[in-house]
Amino acid sequence: MKTRLPGLLLSILLCLHIQAQTVDTISVYSPSMDKQLKNILILPESYGKDTAQKYPTLYLLHGFGERYDGWLKRIQPDLPRLASLYDMIIICPEGGRSWYWDSPVNPEIRFETYVSRELTDYIDTHYATLASRETRAITGFSMGGHGALWLAFRHPDIFGAAGSMSGGVDIRPFPDRWDMKIQLGEYSQNPERWDAHTVINRIPDTDTSALPALIIDCGSEDFFYEVNKALHEKLLARRIPHDFIIRPGAHNRPYWKNAVNYQLLYFHLFFRRN
């Protein structure tokens, strides 16, 4: 009995630590799509202890084939501890297979509007947030990496910092993959539309002052590596500050589990500066 007691006490302490953080599934109504959408909400341990304290927010987008709870269940279950470590609220939205566009083909797909306006308004209304672009960030993996940069470039008044992990930052080399033609139409028949809906073409030629702080991360064995390198080179050519990380790795969950740790630190430092 004595030999088992330390292990039992450790288990109890770990459970108490986990319970100190709030992890919840919240349903948010989207007026633009006329439906309820689920989201994971993670509140840091300190939330609610000081009623005057307000928190920065990070929106964490999932990839194609995943869903709102994928980050927490299958990629980085340590997110609650990290939210407490950095004193931030983390929101993991549902994005379907939308690529986080307002589809010009399907009027029922309005995930750009949902994440950038409807969801952020809901979170800022119902929780103790610091509701400004300087205290709001967005990132994601794969489709979610594309979505995070797409939303941040399109809505610089909402997101002051943005990241991408293994992001599909130029969609045009992959015209028949991941349901993109369902959202945009066939590439061969709509090249201008595809040009307009790819992240690498959203970088302005002249005034870059409104761009968010940027961190881009991609594995050297990833099939999106070349398009991420091209985005990096384009940002360099236009003298746009950004962090660009390459490390050994492929397009998989172990890579994103590691990458998100660096990105949360980046956003934490961004929030502290602001």
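As the structure is a computational prediction, the values presented were derived from the model and not from experiment. (Residues numbered from 1 in each chain as written. Predicted model: local features only at pLDDT ≥ 70, side-chain atom pairs only at ≥ 80, totals over all residues. Heavy atoms only, no water.)

Draft legend 1. Region of the structure containing helix α8 (residues 225–237). Over its 13 residues, α8 runs 18 Å from end to end, which matches the ideal 18 Å to within 8%, given 1.5 Å per residue. Taken together, the buried positions of α8 are Y225, V227, N228, L231, H232 and L235. Buried residues along α8 sit against α5 (143–154), β6 (161–165), β7 (213–219) and β8 (243–247). Of the residues flanking the end of α8, it is R239, one or two places downstream, whose phi is positive at about 55°. (Helix = DSSP H or I, 4+ residues; strand = E, 2+ residues; numbered from the N terminus. Expected span 1.5 Å × (residues − 1). Buried < 20%, exposed > 50% of the residue type's maximum accessible area, 1.4 Å probe, protein only. Contact = heavy atoms within 4.5 Å.)

Draft legend 2. Just the side chain of T139, in detail. Within the secondary structure layout, T139 lies in strand β5 (residues 136–140). Overall, T139 belongs to the buried group, its relative accessible area being 0%. The contacts of T139, once residues within four sequence positions are left out, are L58, Y59, L60, L61, G144, A148, G163, S164, M165, Q263 and F267.

Draft legend 3. Quick look at the pairing of strand β4 (residues 89–93). Among the five residues in β4, five count as buried, and that is most of the element. The pairing of strand β2 (residues 35–43) with β4 spans four bridges and is antiparallel. Along β4, the bridge assignment pairs I40 with C92. As paired strands, strand β3 (residues 57–61) and β4 are joined by three bridges and run parallel to one another. The residue of β4 that forms the bridge with T57 is I89. (Pairing = 2+ DSSP bridges.)

Draft legend 4. Expanded view of the side chain of D170. Topologically, D170 is positioned in the loop between β6 and α6 (180–184). Not counting the four nearest positions on each side in its chain, D170 is found in contact with T198, I200 and V227.

Draft legend 5. Quick peek at the packing of aromatic side chains. Tallying each qualifying case throughout the model produces 15 aromatic pairs. Residues Y47 and Y55 carry aromatic rings whose centres are separated by 5.4 Å and whose planes lie at 40° to one another, so their mutual orientation is tilted. Put simply, the rings of W99, W101, F174, W178, F223 and F224 touch in pairs and so form one group of aromatic residues. A cation over an aromatic ring shows up here: R247 above the ring of Y262, its NZ or CZ 4.6 Å from the ring centre. (Phe/Tyr/Trp six-rings, centres within 6.5 Å; stacked < 30°, edge-to-face > 60°. Lys NZ or Arg CZ within 6 Å of the ring centre and 35° of its normal.)

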